[in-house]
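Read off the chains here:
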Amino acid sequence: MNGPKHKLCTKLSSTYLRKWWITIGIGAVLIIAGVLVACQFSVLINAIIDRMIALRPGSKTFGWWAKPPVEPRISLYVYNVTNADDFLSNGSRAIVDEVGPYVYSETWEKVNIVEHDNGTLSYNLRKIYKFREDLSAGPEDDVVIVPNIPMLSATSQSKHAARFLRLAMASIMDILKIKPFVQVSVGQLLWGYEDPLLKLAKDVVPKEQKLPYEEFGLLYGKNGTSSDRVTVFTGTDNINHYGIIDKFNGRTHLPHWTTDECNRLSGTDGSIFPPHITKDRVLEVYDKDLCRLLPLVFEQEVMTSNEVPGYRFTPPEWVFADVDSHPDNMCYCPAGKPSCSPNGLFNVSLCQYDSPIMLSFPHFYLADDSLRTQVDGISPPQKEQHQFYFDVQPKMGTTLSVRARIQINLAVSQVFDIKQVANFPDIIFPILWFEEGIDSLPDEVTDLMRFAETIPPKIRVILILVLCVLGVILLLLSTFCLIRNSHRQSTLHLEGSNYLATAQVDMNKKQNKDNNPNNGRY
């Protein structure tokens, strides 16, 4: 009896139940795969993005980096002095009239690109400016009256020199008929005009102390290929260094400030940043004219016109703060606290051949209001018009739009021994402010960003749902079938036992009948 019973159970286990155990295994594997997708899918996508954006010669992203498919613009606003004579003769407060914008479109291209074995690239930046009169308030020929920056820089530097030098300087300026204010066109102010003081310096100053230009202009020498050699990390070896400056003209640090931290160059040029940006990260931008790294902190989430999400980063309020408000800025005072800038200004004279140039945000935004009211004609700052910011796509680290807004000011010191400026008071005199920016990126670039931002999360959710739901269905189905087949097995076992018992009884009756053949006769 045990032989038929054992065969029945073996048949049920091998034929009917084995496939459901396999199904349970498949369902469990699908659920585990769904959990792995939930946990690791983002890591996989980030790895794909990292490989895609790294600067590899011949790749699409390398082409976009080397020759950006955008048209940046710079808009300049000049503070035209309307009462220069009264200011000098009668001690009246200077009155300025903000004129502009004067708009130039820019073309950027990185040239002389050389790839190095340590995961870096070196290049020179070519910037070409083209005047856009159709977007400007007037032609480049518009005439403005502004402080004579070369002259006032020289007189301010001579304040602590020997008195006979100051008197000699006054005589030279009298002979050359140099005045504290100059009347020049906007084009001359930007791109250069012949200055008699610079021309004289070329002939009398020792060769090692000569300035690298003969004309003066706020953008002099910038329309063309820069001589500055920049080396940046490509991100192929370490994506966290993507776009970070390794060296600038062979230097890893600036020579100007008092600590290595403030002399660091390890920022980007502002076009790209290491990807996977979080809201608590501090971005850093280096520009030669800023003379330092400019930190940027998260302000708000933004959405571009073509629906690409981004983060807005802007300089923190303490970036140009005085040392009393922010002691960490003490490193930007190379001659000690007396050389520190007032609140809201940054002294870049060490990067401008000792000219007392002070940078601020337009209309002295985030600065002490007393600086703005030193002259008449400057309206109170407005965040929407005067804030400096970068909008960045956080997954790829690409800049979506920019408003780099900076004001150039001249810190003038009164020097009584030089009669031409004897009545020129100590003052932070605003010269102009500019807004350099990118409005948007081409559709080809933003389509890729939108795909990277929106499609992978949807694929992740779909995969999780499909894998987990299918796994659960297989588990439930196989469990149900196992329970049902187990019940059927028990029933078949019971029926088989009854059949064998009945068959045995019938066999016993037949044997008894065969053994007593005469019982039926009586």
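Whatever comes next refers back to the structure up there.
Residues numbered from 1 in each chain as written. Predicted model: local features only at pLDDT ≥ 70, side-chain atom pairs only at ≥ 80, totals over all residues. Heavy atoms only, no water.

Caption draft 1: Structural context of the pattern of salt bridges. Tallied over the entire structure, the rule returns 20 salt bridges. Here Arg93 and Asp376 are joined by a salt bridge, their closest N and O atoms 3.4 Å apart. Of this pair, Arg93 sits in the loop between α3 (84–89) and β2 (96–115) while Asp376 is found in the loop between α8 (369–372) and α9 (383–386), placing the two residues 283 residues apart along the sequence. Using a relative accessible area of 33% as the deciding quantity, one classes Asp376 as partly exposed. Its salt-bridge partner being Arg405, residue Glu435 comes within 2.7 Å of it at the nearest N-O pair. On the criterion of sequence distance, the pair formed by Glu435 in strand β18 (residues 427–438) and Arg405 in strand β17 (residues 398–412) is long-range, its members being 30 residues apart. (Salt bridge = Lys/Arg side-chain N within 4 Å of Asp/Glu carboxyl O. Helix = DSSP H or I, 4+ residues; strand = E, 2+ residues; numbered from the N terminus. Buried < 20%, exposed > 50% of the residue type's maximum accessible area, 1.4 Å probe, protein only.)

Caption draft 2: Fine view of the environment of Gly100. Note that Gly100 resides in strand β2. The sequence separation of Gly100 and Phe434 amounts to 334 residues, and the corresponding C-alpha distance is 9.8 Å.

Caption draft 3: Structural view of unusual backbone geometry. Each neighbour pair has its own omega, and for Gly100 with Pro101 the value is 15 degrees, a cis peptide bond. One non-glycine residue, Asn249, lies in positive phi territory at about 55 degrees. On the secondary structure map, Asn249 appears in the loop between β10 (245–248) and β11 (283–287). Residue His276 is not a glycine yet carries a positive backbone phi of 60 degrees. In this fold, His276 is placed in the loop between β10 and β11. Note on His276: relative accessible area 25%, which makes it partly exposed.

Caption draft 4: Representation of the pairing of β18 in the model. A large share of β18 lies buried, amounting to twelve of its twelve residues. Summarising the sheet, strand β1 (residues 73–81) and β18 pair through six bridges and their orientation is antiparallel. Residue Arg73 lies in a different strand from β18, and its bridge partner there is Gly437. Relative to β18, β17 is paired through eleven bridges, and the arrangement is antiparallel. Counted as the bridge partner of Ala404 is Glu436 from β18. (Pairing = 2+ DSSP bridges.)

Caption draft 5: Structural view of the packing of aromatic side chains. Summed over the entire model, instances satisfying the criterion amount to 25 aromatic pairs. Ring centres of Phe320 and Phe361 lie 5.0 Å apart, and the angle between their planes is 25 degrees; this geometry places the pair in the stacked category. One end of the pair, Phe320, is in the loop between β13 (309–314) and β14 (346–347); the other, Phe361, is in the loop between β15 (357–360) and α8, with 41 residues separating them in the sequence. Assigned by exposure class, Phe320 and Phe361 land together as buried. (Phe/Tyr/Trp six-rings, centres within 6.5 Å; stacked < 30°, edge-to-face > 60°.)

Caption draft 6: Molecular detail of the state of the cysteines. In this structure the tally under the stated criterion is three disulfides. One disulfide in the model links Cys262 with Cys331; its S-S distance is 1.7 Å. Note on the Cys262 and Cys331 pair: the S-S dihedral is about -60 degrees, so by sign convention the disulfide is left-handed. Of this pair, Cys262 sits in the loop between β10 and β11 while Cys331 sits in the loop between β13 and β14, placing them 69 residues apart in sequence. The class of Cys262 is buried, set by a relative accessible area of 8%. One disulfide bridge connects Cys333 with Cys340, the sulfur atoms lying 1.9 Å from each other. For the disulfide bridge between Cys333 and Cys340, the dihedral angle about the S-S bond is near 120 degrees, and by the sign convention the bridge is right-handed. Here Cys340 falls in the buried class, since its relative accessible area comes to 17%. What links to what in the protein chain: the bonded cysteines, counted in sequence order, pair as 1-3, 2-6, 4-5. (Disulfide = S-S within 2.5 Å.)

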